[in-house]
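Observations on the model geometry
Spelled out, the chains give:
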Amino acid sequence: MAGEIALLGVPSCAGTHGPGQEKAPAALRDAGLIERLTAAGWKVADHGDLPVVPFRTDPAHRTSQNLDRVAEVVEAVAVAVGDILDEGALPLVVGGDCTITLGVVAAQIARHPWTGLLYFDGDLDLSVPETTRSGILDTMVLSHLLGEGAPELYGLGPRTPLLPASGIVAFGHDPAELNASGRERMTRHGLRAHPCTEVTAPGADPVSAARAAREELAADHDRFVLHFDVDVIDSVDFPLANFPHFNEGLPLNVARDCLTEFCSAPQLAGLVVTEVNPDRDPDGAMVRILVDALAEALGGALDARGRHA
Ligand SMILES: [Mn+2]
């Protein structure tokens, strides 16, 4: 129904660098996420959490660690988000690591082939098993969406590739984190990406840049998923992300404003929040700030859709 958000927690560390993110859905609920969204005017249906997948390394598969578990989580996310979409609610999926976005996109594409993806992330995640050093699959999300990497992941959705590069706009990545293999892939696909250095360049207006990015995607997509990795925020300002980016990325207030701008798009078809590690936030202060930012941004989304529609 219009004005209904469905919250789904995905407490998975299957695709990441260390433990902690499995605690994020509970931490966000404890910080009042549902109450704040309700106060902002949304009807919130809590779909609960998928099973906890704790962190482990995978010495037998060094270049695609825990591939089997990541694929299982992605498939479970696709089923759960599919149910949410069939009910007509706006999915709010809280991870967990960034690989969960593969499942969210798969569910969307199966129902609405012209869904785009706004990738608001500190990294472009364009690694592949052939060139990776870490083997951590959340560094390979866009590669898999584009049909490269491990067939067990890129083949999971209703089509391959799940998204052409024209279906993706990336915003806020740190260009220093992009290696030669990632740069080659970005160029070959013609991926549209607006690095943090461009967004915060002297004289640039980050909110105008955010509006231009969402309009760039909306020009040929009537709906899009917003992927929001908290590591797009400079870790000096907000060291909540599982994998830190110190002195890189967007200042916290800029990231908040861009999040609000993205969510004000009438084409917003879902929000994924990833890489929140409550172990980095012992007193819960940063998770409360994040809940505040999400409530503000999604309150704006409701305004954009028309509260009385
Ligand atoms: Mn990421």
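Thresholds applied
- Residues numbered from 1 in each chain as written.
- Predicted model: local features only at pLDDT ≥ 70, side-chain atom pairs only at ≥ 80, totals over all residues.
- Heavy atoms only, no water.
- Donors = N, O, S within 2.8 Å, 3.2 Å for Na, K, Ca; no water.
- Helix = DSSP H or I, 4+ residues; strand = E, 2+ residues; numbered from the N terminus.
- Buried < 20%, exposed > 50% of the residue type's maximum accessible area, 1.4 Å probe, protein only.
- 1 Å grid on protein atoms, 1.4 Å probe; cavity = no way out; pocket = protein on both sides within 12 Å on 5 of 7 lines; lining within 4 Å.
- Points joined across faces, edges and corners; volume = space filled by probe spheres on them.
- Expected span 1.5 Å × (residues − 1).
- Arc of directions from axis to C-beta.
- Contact = heavy atoms within 4.5 Å.
- Pairing = 2+ DSSP bridges.
- Right-handed = clockwise from strand over helix to strand, strands pointing away.

With that settled, consider the coordination of the manganese ion. Binding of the manganese ion to the protein goes through Cys98 (SG), Asp121 (OD), Asp121 (OD) and Asp229 (OD), at separations of 2.2 to 2.8 Å. Here the donor residues for the manganese ion map to a single chain with the spacing C-x22-D-x107-D. Highlighted residues: Cys98 in the loop between strand E3 (90-94) and helix H4 (100-111) and Asp229 in strand E7 (residues 223-229), separated in sequence by 131 residues. Since its relative accessible area comes to 1%, Cys98 is described here as buried. Judged by its relative accessible area of 1%, Asp229 is buried.

Take empty space enclosed by the protein next. Tallied over the full model, the rule gives one cavity of 30 Å³ or more. In this structure, the largest cavity spans a volume of roughly 50 Å³. Every residue along the wall of the largest cavity is listed here: Phe228, Ile233, Phe238, Leu252, Ala255, Arg256, Leu259, Leu290 and Ala293. Listing elements by their share of the lining of the largest cavity, those giving two or more residues are helix H10 (252-263) and helix H11 (285-305).

This next bit is on helix H9 (residues 206-218). Because an α-helix completes one turn every 3.6 residues, residues spaced three or four positions apart along the sequence face the same direction. In this model H9 runs 18 Å from its N-terminal to its C-terminal C-alpha over 13 residues, within 8% of the 18 Å that 1.5 Å per residue would give. Taken together, the buried positions of H9 are Pro206, Ala210, Ala213, Arg214, Leu217 and Ala218. Down the axis, H9 shows its buried residues gathered within 135° of arc, on one side only. The inward-facing, buried residues of H9 contact strand E4 (115-120), strand E5 (168-171), strand E6 (192-194), helix H8 (196-199), E7 and H10.

Bringing the pairing of strand E8 (residues 268-274) into the picture now. In terms of residue burial, E8 counts as a mostly covered element, since seven of its seven residues are buried. With three bridges joining them, E3 and E8 adopt parallel strand pairing. Directly across from Val93, in E8, lies its bridge partner Val272. In terms of strand pairing, E7 meets E8 through six bridges, oriented parallel. Bridge pairing in E8 links Phe228 to Val273. Crossover E7 to E8 through H10 is right-handed.

Worth remembering: the numbers are spatial, not functional.
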